[in-house]
Amino acid sequence: MNLSILKRVFCGMAAGFLIVASLPIFAAAGAKVKIDDTKYFQIGMGFRGSVSLNENNATDPGEDSFDPGLDDLRLYTVSQIHKNIQVEFNTQTQTGNVNLLDGVAKIDFGAFDLWVGRQLPPSDRANLDGPYYLNAAWSFPIVQSFGNLGISAGRDDGVAIHGDVQGGKFKWAYGVFEGVTGGADLDDNVKHTARIDFALGDPEPGFYTGSTYFGAKKLTTLGLIFQHENDSVGSAADQGDFNGFGADLLVERTLGNGAVVDIEGAVYNWDTDDKADGAILQGDSFLVLASYLMPNKTSIGGIQGQFQPYCRYQGYNRDMTNTSGSRGYIDRTEAGINYVIDGFNAKITALWYVDTDQHNEVDKNTAMLAMQFQL
């Protein structure tokens, strides 16, 4: 990577960081309109934006690209129309297009919940985190493919049931979804999805997940995932079944000095019946992440926050070629630091090292400054 360009970018990043740090911060609460004792309407928003320098990414081969962008803009709404019934409607804006993210009715039957509509199917922790609730890392894992057989952003149309036991010490979820349409799927087969969680430390109640609690919990949680869909990969003339397996583990501990350490790992196996497919590659993949939330707050421009350095490694052993011709082992190593202002609601991320090694293809390094805010 051109070091002079890199120095200029980091100087710009530092200036941008100081400008943002001087802005006022508002409490992350979201607006809630109470209709009566059981009915309300709530609205919120989420913003993720970044500026990055990417090696070997310009139109001119071998040149770097400078890429500012709106990574994600979301509008969240929840309408409670009965003490046991909610309707969630969320949108996502990327590259100027507004799309439906979630449109789901949720019914609480006590022992279990029934969700109907567009939603996140039971899947791995990263998918249930979504980009806003990943721990430390800015980008979604490149080794995760559970969301590739849905509509977009890991969502799909379907029906799911899930429940907690002992306040979240054990959780289960199962769903039936549309899955792949067209292509190899001539018979309109459904996708079966399932996940179970074992909380060996503090419980994690609820369907959605977050990959850190910033020291509020002592965690050791293991999750197991399975997904299956007949005739969903390959082509109409050469069909194959998809089977996805995964396991993820999150460990969080608060040290004696108040610092918070998180260790996260996940392993996956993707089986496409030896059929080439453009959405997913047959093979095995994994990730490991470690973060350290420093105990003391620092004030920058009047805004108090905690620094959180982290590192993450991902590997994907692709054992066959997909329709774009990619195969072999790909890995990504990254290191960065967050300035955590208000948990997942306000943080700034500086990635100083991202190296993607595609083996026999062009390597790509990235430097980035990114910001995430939610209300």
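Parameters at a glance
Residues numbered from 1 in each chain as written. Predicted model: local features only at pLDDT ≥ 70, side-chain atom pairs only at ≥ 80, totals over all residues. Heavy atoms only, no water. Helix = DSSP H or I, 4+ residues; strand = E, 2+ residues; numbered from the N terminus. Buried < 20%, exposed > 50% of the residue type's maximum accessible area, 1.4 Å probe, protein only. Contact = heavy atoms within 4.5 Å. Areas by Shrake-Rupley, 256 points an atom, 1.4 Å probe, with all protein chains shown as cover. Salt bridge = Lys/Arg side-chain N within 4 Å of Asp/Glu carboxyl O. Core = buried A, V, L, I, M, F, W, Y, C linked by side-chain atoms within 4.5 Å.

Caption draft 1: Quick peek at the overall build of the protein chain. When helices and strands are counted, the protein chain shows two helices and 18 strands. Counting every position in the protein chain, which comprises 375 residues, the buried fraction comes to 45%. Sequence separation of 24 or more characterises 59% of the internal contacts of the protein chain that already satisfy a separation of 6 or more. Surface summary for the protein chain: the accessible area is close to 16,900 Å², and the carbon and sulfur share equals 59%.

Caption draft 2: The arrangement of the pattern of salt bridges in detail. Within the structure shown, the criterion is met by twelve salt bridges. Between Arg 195 and Asp 197 there is a salt bridge, and its shortest N-O distance comes to 2.8 Å. Residues Arg 195 and Asp 197 agree in their burial class; the two are buried. With its nearest N and O atoms 3.0 Å apart, the salt bridge here joins Arg 312 to Glu 334. Residue Arg 312 is located in strand β15 (residues 303-318), and its partner Glu 334 is located in strand β16 (residues 328-342); the two are separated by 22 residues in the primary sequence. The class for Glu 334 is buried, based on a relative accessible area of 2%. Connected through shared salt-bridge partners, Arg 195, Asp 197 and Asp 248 make up one network.

Caption draft 3: Examining the nonpolar core more closely. Core analysis: the largest hydrophobic core is formed by 13 residues, its most contacted members being Tyr 268, Trp 270, Ile 280 and Tyr 316. Secondary-structure elements contributing two or more residues to this core are β10 (219-235) and β12 (260-271). Counting nine residues, the second-largest nonpolar core is a separate cluster that includes Ala 137, Trp 138, Leu 289 and Tyr 310.

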